[in-house]
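For reference, the chains in residue letters:
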Amino acid sequence: MSATTVWISPSASSFSCLCEVCLEAARTSGALFFDAMQAASVRGAVAPGVETTSVRCRNGHELTLRRSSRPPALDRPDDRQLQLA
């Protein structure tokens, strides 16, 4: 599975997101919702001026942080993802 991309605003100095790989693992294992959210939570700081960086969740899955005022459209829309109109 490829790295999860997390889009952050140009002025962001910190981020908070969920690791999609961890969420899927929790879903398939039947974990409680609260436990799944807690296990998948990833937070941290982002240095000013850094356009792209990688971070890892507590289970070692890679997440790519990219600065953008608005994420580009998906090449192949995925019904599981939130779509911005």
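Here's what I pulled together on the structure shown here. This structure is a prediction, so every number in the text was calculated from the model and none was measured. Think of each chain on its own: its residues are numbered from 1, step by step along the sequence as written. The predicted origin of the model limits local features to residues at a pLDDT of at least 70 and limits the giving and counting of side-chain atom pairs to 80 or more, whereas totals for whole chains, interfaces and linings rest on all residues. Side-chain metrics rest on all non-hydrogen atoms present in the structure, leaving aside hydrogens and water.

## Quick look at the overall build of the protein chain
Part 1 of the argument: When you go through the protein chain residue by residue, the secondary structure sums to two helices and five strands.
Part 2 of the argument: Exposure is judged per residue with a 1.4 Å probe applied to protein chains only, and the accessible area is read against the type maximum: over 50% gives exposed, under 20% gives buried, and values in between give partly exposed. Considering the protein chain as a whole, with its 85 residues, one finds that 24% of them fall into the buried category.
Part 3 of the argument: Should any heavy atoms of two residues lie within 4.5 Å, those residues are considered in contact. Taking the contacts inside the protein chain whose residues are at least 6 apart along the sequence as the reference set, 51% of them involve residues at least 24 apart. The helix count covers DSSP runs of H or I at least four residues long, the strand count covers runs of E at least two residues long, and both are numbered beginning at the N terminus.

## As for the packing of helix α1 (residues 20-29) against helix α2 (residues 33-40)
The angle between the axes and the distance between the axes are what describe a pair of packed helices.
Part 1 of the argument: Running from amino to carboxyl end, α1 crosses α2 at an angle of 155°, the nearest separation of the two axes being 8 Å. When the axis of α1 is compared with that of α2, the two are roughly antiparallel. Here α1 and α2 pass one another in a crossing that is right-handed. Listed contacts from α2 to Cys22, Leu23 and Ala26 of α1 are Ala36, Met37, Ala39 and Ala40.
Part 2 of the argument: Here the contact of α1 with α2 is built from residues that sort into seven nonpolar, no polar and no charged. Where helices are involved, their axes are fitted lines through C-alpha atoms of the stretch in contact, as for all axes, and angles between N-to-C directions lie from 0 to 180°. Put simply, angles under 35 degrees are roughly parallel, angles over 145 are roughly antiparallel, angles from 65 to 115 are roughly perpendicular, and the rest are oblique. In a left-handed crossing the near helix is turned counterclockwise from the far helix by less than a right angle, and in a right-handed crossing that turn is clockwise. Under the convention adopted here, Pro, Cys and the residues Ala, Val, Leu, Ile, Met, Phe, Trp and Tyr are nonpolar, Asp, Glu, Lys and Arg are charged, and Gly plus all remaining residues are polar.

## What about the sheet that holds strand β4 (residues 52-56)?
Hydrogen bonding along the main chain pairs the strands of a sheet, whether they run parallel or antiparallel.
Part 1 of the argument: Pairing between strands is defined by DSSP: at least two bridges between them are needed. The sheet built from three strands is open, its strands ordered β1-β5-β4 with mixed pairing. Both outer strands of the open sheet, β1 (4-8) and β4, are each paired with one neighbouring strand and no more. Strand-to-strand twist in this sheet, taken as the mean axis angle between neighbours without regard to direction, amounts to 30°.
Part 2 of the argument: Note: β1 against strand β5 (residues 62-67), five bridges, orientation parallel. Bridge pairing links Val6 to Leu65 in β5.

## As for the environment of Ala25
Part 1 of the argument: Locating Ala25 in the fold gives a position in helix α1.
Part 2 of the argument: Its relative accessible area of 43% is what places Ala25 among the partly exposed residues.
Part 3 of the argument: In sequence terms Ala25 and Ala40 are 15 residues apart; their C-alpha atoms lie 9.5 Å from each other.

## Re the nonpolar core
Part 1 of the argument: In this text, buried Ala, Val, Leu, Ile, Met, Phe, Trp, Tyr and Cys residues form a nonpolar core when linked through side-chain atoms within 4.5 Å. Counting residues in each nonpolar core, the largest one holds 14 residues, and the members touching the most others are Ile8, Phe15, Val42, Leu63 and Leu65.
Part 2 of the argument: Counting residues per element, the ones that place at least two in this core are β1, β2 (14-18) and β5.
Part 3 of the argument: Residues within four places of Leu65 in sequence aside, it is in contact with Val6, Ile8, Phe15, Val46, Glu51, Thr52, Thr53 and Val55.

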